[in-house]
Amino acid sequence: MNKITLAHEIVEIGRRIYQSGFVAANDGNISARVDEEHVMITPSGVSKGFMKADSMLLIHLASGEVVDGAGRPSTEGAMHFDIYKHRPDVRAIVHAHPPTATGFAVAGIPLDQLAMPELIVSMGTIPLAPYGTPGTAELPETLRPFYEEHDAILLANHGAVAMGRTLTEALFKMESVEMCAKILFTARMLGRVRELPDEQVDKLVEARSFYGLQGAHPGKKIIQQRRDKGEKK
């Protein structure tokens, strides 16, 4: 993709997550693949609601070095680069702190209750990765076990990360994570989360092919794990 166009797209995604209240001050970071060797990422210390296209940094993926642009890449760059190295299908990543989803992450609760058809079809479940110190190599290490089957992951005591084939897709997945968290929180406050039965979850998983959905998804592993544990719904 044209670098100038991509930079403007990152600016727009930053504006959206800022206006949605998914980040405050200089929180969060956004990146996208330019080609197989280079990634464009937001700079450190800049509000995502007030970025400029010419402030984006071009990074050599293998070395992590800045090859174009001034300033330091986001402190979470290591997490982004690690995802790209392990998931060649991922073209864009959004990391943010959506309040309700981050509340679940702080409470140590994954978003793994199978109650909402749309989420079951699109992402299955949202796991919770163990805590890793932000800005260090610890963080990507905690995420790697979840790369294969998930396009969105809660980061313990930290926030969430969403991946997609485009920046818009990564943004939509982040929005879905927060919406899921809000709905589950409301249901819990009302006293009950009614999960869908296995046969309905099976139908929803099968519907992915009908909708042409791609990306990582735990699929029928969800049902099998419940059956293995004797928790058939």
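These numbers were taken from a predicted model, which means no experiment stands behind them.

Spatially, β4-β3-β2-β1-β5-β8-β7-β6 is the arrangement adopted by the eight strands of the open sheet, whose pairing is mixed. Each of the sheet's edge strands pairs with one partner strand only, and the pair in question is β4 (66-68) and β6 (128-129). Here four bridges tie strand β7 (residues 152-155) to strand β8 (residues 159-164), and the two strands are oriented antiparallel to one another. Within β8, the position partnered with Ala-152 by the bridge is Ala-162. Of the strands in this sheet, β1 (29-33), β2 (38-41), β3 (57-60), β4 and β5 (92-96) touch helix α1 (residues 3-19), which is tilted by about 150° from β1. Docked against the sheet, helix α6 (residues 167-190) engages β1, β5, β7 and β8, running at close to 140° with respect to β8.

Before going further, it helps to examine the packing of aromatic side chains. Evaluated as defined, the whole model comprises two aromatic pairs. Ring plane angle 70° and centroid distance 5.5 Å describe the contact between Tyr-18 and Phe-50, whose orientation is recorded as edge-to-face. Of the two residues, Tyr-18 is situated in helix α1 and Phe-50 in the loop between β2 and β3; the sequence distance between them amounts to 32 residues. Residue classification places Tyr-18 among the partly exposed residues on the basis of a relative accessible area of 31%.

Where burial is concerned, most of helix α2 (residues 77-86) is hidden: seven out of the ten residues are buried. For α2, the set of buried residues is Gly-77, Met-79, His-80, Phe-81, Asp-82, Ile-83 and Tyr-84.

Looking now at unusual backbone geometry. In this structure, Ala-25 takes a positive phi of about 50° despite not being glycine. For Ala-25, the location among the structural elements is in the loop between α1 and β1. For Ala-25, a relative accessible area of 52% puts it in the exposed group. Its identity is not glycine, yet Asn-157 carries a phi of approximately 60°, on the positive side. Structurally, Asn-157 is set in the loop between β7 and β8.

A separate point is the pattern of salt bridges. Scanning the entire structure with this criterion turns up ten salt bridges. Of the charged contacts, one joins Arg-16 and Glu-12 as a salt bridge, the two residues approaching to 3.1 Å between their closest N and O atoms. Taken together, the positions of Arg-16 and Glu-12, both in helix α1 and four residues apart, correspond to about one turn of that helix. Of the residues examined, Arg-16 reaches a relative accessible area of 36% and is grouped as partly exposed. Owing to a relative accessible area of 27%, Glu-12 belongs among the partly exposed residues under this scheme. One salt bridge in this structure joins Asp-89 and Arg-87, with 2.7 Å as the shortest N-O distance. Among the ionic contacts, a cluster of salt bridges with common partners joins Arg-87, Asp-89, Asp-151, Arg-165, Glu-169 and Lys-173.

Judged by nonpolar contacts, the single largest core of 42 residues is most densely connected at Ile-30, Leu-111, Ile-126, Leu-154, Leu-167, Val-177 and Leu-184. Of all the secondary structure elements, the ones that give two or more residues to this core are α1, β1, β5, α3 (99-107), β7, β8 and α6. Top element by residues in this core is α6. It accounts for nine residues. Beyond its immediate sequence surroundings of up to four residues, Leu-167 is in contact with Leu-6, Glu-9, Ile-10, Ile-13, Ile-30, Ser-31, Ala-32 and Ala-92. Among the nonpolar cores identified, the runner-up in size contains 20 residues, and Val-39, Leu-139, Leu-143 and Phe-146 belong to it.

The alternating pattern of β2 places His-38 and Met-40 on one face and Val-39 and Ile-41 on the opposite face, and all of these are buried. Of the pairings in the sheet, the one linking β1 to β2 comprises three bridges and is antiparallel in character. Paired with Arg-33 across the two strands is Val-39, which belongs to β2. Two strands pair when backbone bridges link them, and β2 and β3 are joined in this way by four bridges, in the antiparallel orientation. Bridge pairing in β3 places Ile-41 opposite Leu-57.

Right, let's talk about the packing of α2 against helix α5 (residues 138-147) for a bit. Interaxial distance between α2 and α5 falls to 9 Å at its minimum, and their mutual angle equals 30°. Taken as axis vectors, α2 and α5 run roughly parallel relative to one another. The way α2 lies across α5 gives a crossing that is right-handed. The residues of α5 that touch α2, namely those facing Ala-78, Met-79, Asp-82, Ile-83 and His-86, are Leu-139, Pro-140, Leu-143, Arg-144 and Tyr-147.

Conventions and cut-offs
Every residue gets a number counted from 1 within its own chain, in the order that chain's sequence is written. Under the rules for a predicted model, residues below a pLDDT of 70 receive no local features and side-chain atom pairs below 80 are neither given nor counted, while totals for whole chains, interfaces and linings still include all residues. Note: side-chain values were computed over all heavy atoms of the structure, leaving out hydrogens and water. The criterion for strand pairing is that DSSP finds at least two bridges linking the strands in question. Counting from the N terminus, the helices are DSSP H or I runs at least four residues long and the strands are E runs at least two residues long. Residue contacts are counted whenever heavy atoms from the two residues lie within 4.5 Å of one another. As a rule, the C-alpha atoms of each element are fitted with a line to give its axis, helices using only the stretch in contact, and angles between N-to-C directions run from 0 to 180 degrees. Aromatic pairing here means that ring centres of Phe, Tyr or Trp (its six-membered ring) are within 6.5 Å. Orientation follows from the plane angle: under 30 degrees is stacked, over 60 is edge-to-face, and everything else is tilted. Partly exposed residues are those whose accessible area sits between 20% and 50% of the maximum for their type, while under 20% is buried and over 50% is exposed, using a 1.4 Å probe and protein chains only. Here a salt bridge means any side-chain nitrogen of Lys or Arg lying within 4 Å of a carboxyl oxygen belonging to Asp or Glu. Among the buried residues, those of types Ala, Val, Leu, Ile, Met, Phe, Trp, Tyr and Cys that are joined through side-chain atoms within 4.5 Å form a nonpolar core. These descriptions rest on fixed angle ranges, namely under 35 degrees for roughly parallel, over 145 for roughly antiparallel, 65 to 115 for roughly perpendicular, and the rest for oblique. Left-handed describes a crossing in which the near helix is turned anticlockwise from the far one by less than a right angle; the clockwise case is right-handed.

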